[in-house]
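Residue-level structure breakdown
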Amino acid sequence: MPIERLEKYFLWAAGAVLLVFFLTVSVSAFAWGMQLPNPDGRVDPENLTAPFDKPELREIAPGQYEAVLTAQTWAFLPNKLDIPVGSTVTFKITSKDIIHGFEIPGKRANVMIIPGQVSTVTVKFDKPGEFLYICHEYCGIAHHVMFGKITVA
Amino acid sequence: MYTRDDRFVRWQLYLGFVSLFVGLLMGLFQAVDRANIDLYSSVGLQSYWQGLTLHGVLNVLVFTFAFNAGFLTYVTSRALGRPMAVNALTQAQFWLMLVGVLMAGFAILSNSATVLFTFYPPLKADPIFYLGLVFVVVSTWCTLANIALSVRAWRADNPGQKVPLQAFMSLVTYIMWVLCSVGVAVEVLVLILPWTLGITEKIDPELSRTFFWLSGHAIVYFWLLPVYISWYTMLPKQAGGKLHSDPLARLVFLLFLLLSIPVGLHHQYTDPGVPVIFKYIQAILTFAVFFPSVITAFSVIAALENAGRNRGGKGILGWVFKLPWGDPSVAAQLVGGLAFLSGGISGLVNASYNVNQIVHNTSFVPGHFHLTVGTAVTLSIMGIMYWLLPSLTGRKLWGLRFAQANVWLWAVGVAIMSRGMSQAGIAGEPRRFYASAATYHLPEWDFPNLMQAVGGTLMFLGGLCFFIVLVGTLFFSRERDESVRMPNVDVIIPAEKGAAIFTDRIGTWVWFALALILLSYGPFLITYIANPAFVARGLRAW
Ligand code: HEM
Ligand SMILES: [Cu+2]
Ligand SMILES: [Cu+2]
């Protein structure tokens, strides 16, 4: 098909830019470990088994924590976490009823919480401060009050 | 010759614009909510969420659908120079959509479907809501049948000739949409309706989302492509220019048919139930689907440059100022095109796999789509109406000043609002955010929220000007003007210069598209359905 010369250059250039973008993204995901959430098991939301029967923050190794959370209309359990500075926390979250979300502004922690599925994200907290974790998917009339607070000290 | 179809085309458009009016009003409510002003109780709505459901459903599921059905029926008949093949289908598409909208609208207004336009199960609305949506989708199938039959009849009468460009584009647009609508049809007919009717007890929320998003990205091209038809084949003519290549324009539409469906998983980048490998495969395809839009940017800008130079524009950018900016129909679409360029960049952010995690479900996302569907599509449609309405009614356009105010208020408004949304989103403000009542808050969101309130109000005022012109033309325009016809651009390289695979064989491309959908979705769906999670009973959570 006849394509104008300038347009051809333009398309090659655009293609090259897109390719560079994409390669950067791929390297950061697969080589540097900034990966998207992956399936991490199943649970029955009406009959939560371990560890979700006891949602809490646990130390699993020095400086390594596991935060097991449940989401339900319209609260996270627990809704307060105290985390020592410098620790790495793996959040494991599931829903007891409908779809919720989980997001920590300022961190690359952003995952959907879907009944039946287990959502996992890992976050490092290396400075003291306060963080929110927010339900960022509409979950009914009081969606806007569903959040929790992290204190890093 | 066209009067029988045109009557229903007009009604279809009116249905769309009545919906848009209510939709924009809800937009205003949302915007001023960010400045702590509550307008919901003043009109008897139960909640912010009921208003937001109206906003999403009316703007992107009713307004766009109704406009497309009316507009592309009109375009097809004019491009082929014959009435639509089956007038009963032109009628059916209108009545089905009307009934569907009334059903869904009734459910939303009675607060029994406050589930937003994505209606993710296990949120459980009244079955009337989903049935209404089914009617709307079935209406689009009638439109496809009518366009396809009309093109076939034209081909039979004109053997060996290329289907006129505008009819070709209309047909490919509807084929693309109907193909992708299978996803949401499966979601609603197989998963949701049996469940809300009490036939099945539990639903799989992850599986429902997957079928929803199988349609959910391609749907944005269904909103966009009718406007592309105008940008390619009408706008350059209105501005006084020529389109360079007809076959390349056809190829762009065929590429959308091929690529717009197997990318839906990019809306599920952060879903826990989808393995990363499948997300990654569709991320690659998502980058590929930028391409037809990149070609479009070049081709349309080149055609406009041609127009500007014909009008005496000189130098690298001199031609821009020679374009007829005073014509609101042209200006609206030029602003729409500019919005689309910036919307494309934020779209690239959303698409970029792990970068998406910074912005997923934050205000950044509405910041993106108010530039794309909210402006590139909606403002362009308003511009199209400025010639389409006179052409359909024989009345001279009323209120030129209002039409111009429409364009510029909207342009300034959306620039401010989207800027505010993007900034707040990057600072983590969630979307679907009842700002005035939320119990959490970060100070970084304050100023951007103010921008959303101010910008959104300006946009609404711009929209109001559009409706003043619409109503004025219909009821107060005394002058007749029978001279307005559908613009149809001249091309430099005609269809005959392109290989048949790019200009004729739509069927082959449908097979390619099906193959690509199977390749990109098949492995995930097969492994998932072997071990599904029908675990959720459902909740009326509002
Ligand atoms: C007067 C003009 C408009 C204003 C002021 C406006 C304002 C807003 C605001 C503030 C939101 C975010 C609500 C939230 O996340 O809590 C929103 C969402 C949305 N808007 Fe608009 N909007 C306007 C026009 C449009 C148009 C023309 C369209 C499409 C044709 C559109 C489509 C949407 C959609 C699909 C959503 C998302 C709804 C959801 O999350 O369920 N808007 N709008
Ligand atoms: Cu929520
Ligand atoms: Cu998409």
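As the structure is a prediction and not an experimental result, all values here were calculated from the model.

So, on to the site of ligand 1. Residue and element names in this part refer to chain B. Around ligand 1, the structure places 24 residues, and the nearest of them are Tyr-48, His-55, His-370, Arg-432 and Phe-433. Measuring from an oxygen atom of ligand 1, one finds a side-chain N or O atom of Arg-34 at 3.3 Å. Note that a nitrogen atom of ligand 1 is positioned 2.8 Å from one of the side-chain N or O atoms of His-370. It is helix 2 (residues 48–80) that contributes the most residues to the shell around ligand 1, five residues altogether.

Attention shifts here to the pairing of strand 7 (residues 109–113) of chain A. Residues and elements named next belong to chain A. By the criterion of burial, strand 7 is predominantly enclosed, with five of the five residues buried. Taking every second residue as pointing to the same face, both faces of strand 7 are buried, with Ala-109, Val-111 and Ile-113 on one and Asn-110 and Met-112 on the other. The hairpin turn running from strand 6 (residues 100–104) into strand 7, its antiparallel successor, is four residues long, and Gly-106 in that turn takes a positive phi close to 95°.

It is worth spelling out the nonpolar core at this point. Counting residues in hydrophobic clusters, the biggest one holds 210 residues, and the most contacted among them are Phe91(A), Phe102(A), Phe17(B) and Phe129(B). Broken down by element, this core gets its largest block of residues, 20 residues, from helix 2 of chain B. When sequence neighbours within four positions are dropped, the list of residues in contact with Phe91(A) reads Ala67(A), Leu69(A), Leu81(A), Phe102(A), Ile104(A), Ser119(A), Thr120(A), Val121(A), Val123(A), Phe125(A) and Ile150(A).

Residues and elements named next belong to chain B. The coordination sphere of the iron atom of ligand 1 contains the protein donors His-55 (NE2) and His-370 (NE2), at a distance range of 2.0 Å. Coordination geometry of the iron atom of ligand 1: the six donor atoms subtend angles of 84 to 180° at the metal centre, consistent with an arrangement described as octahedral. Residue His-55 is located in helix 2, and its partner His-370 is located in the loop between helix 15 (364–369) and helix 16 (372–393); the two are separated by 315 residues in the primary sequence. Comparing His-55 with His-370 shows no difference in burial state: the two are buried.

This brings us to the interface of chain B and chain A. Opposite the 74 residues of chain B that make contact, chain A presents 59 residues. Contact with chain A buries area across many residues of chain B, yet Pro272(B), Phe298(B) and Gln357(B) alone supply 14% of it, more than any other trio. The interface formed by chain B and chain A includes three salt bridges. For Glu137(A), the salt bridge is made with Arg432(B), and the minimal N-O distance between the two is 2.9 Å. Taken together, the connections running from chain B to chain A amount to 19 residue pairs in polar contact (both at pLDDT 80 or more). Of all the secondary structure elements, the ones that give two or more residues to the side of chain B that touches chain A are helix 6 (205–216), strand 1 (243–245), helix 9 (246–259), helix 10 (276–288), helix 11 (290–310) and helix 14 (356–359) of chain B. Looking at the side of chain B that touches chain A residue by residue, the classes come out as 48 nonpolar, 17 polar and nine charged.

How two aromatic rings sit relative to each other is set out by the distance from centre to centre and by the angle between their planes. Residues and elements named next belong to chain B. According to the stated counting rule, one finds 55 aromatic pairs over all chains in the structure shown. A centroid spacing of 5.7 Å and a plane angle of 65° characterise the contact between Tyr-40 and Tyr-48, whose relative ring orientation is edge-to-face. The same class applies to Tyr-40 and to Tyr-48, which are both buried. Ring geometry for Tyr-228 and Trp-231: centres 5.6 Å apart, planes at 35°, overall tilted. Here Tyr-228 pairs with Trp-231, and both are found in helix 7 (residues 218–233), just three residues apart, close to one helical turn.

Let us now look at the coordination of the copper ion (ligand 3). Residue and element names in this part refer to chain B. The protein atoms that coordinate the copper ion (ligand 3) are His-217 (ND1), His-266 (NE2) and His-267 (NE2), at distances spanning 1.7 to 2.0 Å. One chain supplies every donor to the copper ion (ligand 3), and in sequence these donors are spaced H-x48-H-H. One end of the pair, His-217, is in the loop between helix 6 and helix 7; the other, His-266, is in the loop between helix 9 and helix 10, and 49 residues separate them in sequence.

All names here are of chain B. Relative to each other, helix 7 and helix 9 sit at 180°, their axes nearing to 12 Å. Judged on the interaxial angle alone, helix 9 and helix 7 are roughly antiparallel. Residues Tyr-221, Leu-225, Tyr-228, Ile-229 and Tyr-232 of helix 7 lie in contact with helix 9, whose contacting residues are Ala-249, Val-252, Phe-253 and Phe-256. Here the contact of helix 7 with helix 9 is composed, by residue class, of nine nonpolar, no polar and no charged.

This part takes up the domain arrangement of chain A. Buried accessible area, meaning the area lost when the parts come together, often serves as the stated size of an interface. According to the domain assignment, chain A contains domain 1 (1–35) and domain 2 (57–152). Spacing between the C-alpha centres of domain 1 of chain A and domain 2 of chain A amounts to 35 Å.

Time to look at the pattern of salt bridges. Under the definition given, this model contains 17 salt bridges over all chains. Arg34(B) serves as the salt-bridge partner of Asp33(B), at 3.5 Å between the closest nitrogen and oxygen. For the pair formed by Asp33(B) and Arg34(B), the shared burial category is buried. Across the salt bridge formed by Arg537(B) and Glu201(B), the nearest N and O atoms sit 2.3 Å from each other. Here Glu201(B) lies in the loop between helix 5 (165–196) and helix 6 and Arg537(B) lies in the segment after helix 20 (506–530), a separation of 336 residues in the sequence. The exposure class assigned to Arg537(B) is partly exposed, which follows from its relative accessible area of 36%. Each of Glu46(A), Glu201(B), Lys202(B) and Arg537(B) takes part in one network of salt bridges that share partners.

Conventions we followed
- Residues numbered from 1 in each chain as written.
- Chains lettered and ligands numbered in written order.
- Predicted model: local features only at pLDDT ≥ 70, side-chain atom pairs only at ≥ 80, totals over all residues.
- Heavy atoms only, no water.
- Near = heavy atom within 4 Å.
- Polar contact = N/O pair within 3.5 Å; in protein donor to acceptor, adjacent residues only side chain to side chain.
- Helix = DSSP H or I, 4+ residues; strand = E, 2+ residues; numbered from the N terminus.
- Buried < 20%, exposed > 50% of the residue type's maximum accessible area, 1.4 Å probe, protein only.
- Pairing = 2+ DSSP bridges.
- Core = buried A, V, L, I, M, F, W, Y, C linked by side-chain atoms within 4.5 Å.
- Contact = heavy atoms within 4.5 Å.
- Donors = N, O, S within 2.8 Å, 3.2 Å for Na, K, Ca; no water.
- Tetrahedral: all angles 85-135°; square planar, octahedral: opposite > 155°, others 65-115°.
- Buried area = accessible area lost by both parts, 1.4 Å probe.
- Salt bridge = Lys/Arg side-chain N within 4 Å of Asp/Glu carboxyl O.
- Nonpolar A, V, L, I, M, F, W, Y, C, P; charged D, E, K, R; others polar.
- Phe/Tyr/Trp six-rings, centres within 6.5 Å; stacked < 30°, edge-to-face > 60°.
- Axes fitted to C-alpha atoms, helices over the stretch in contact; angles between N-to-C directions.
- Parallel < 35°, antiparallel > 145°, perpendicular 65-115°, else oblique.
- Domains from an automatic or database assignment.

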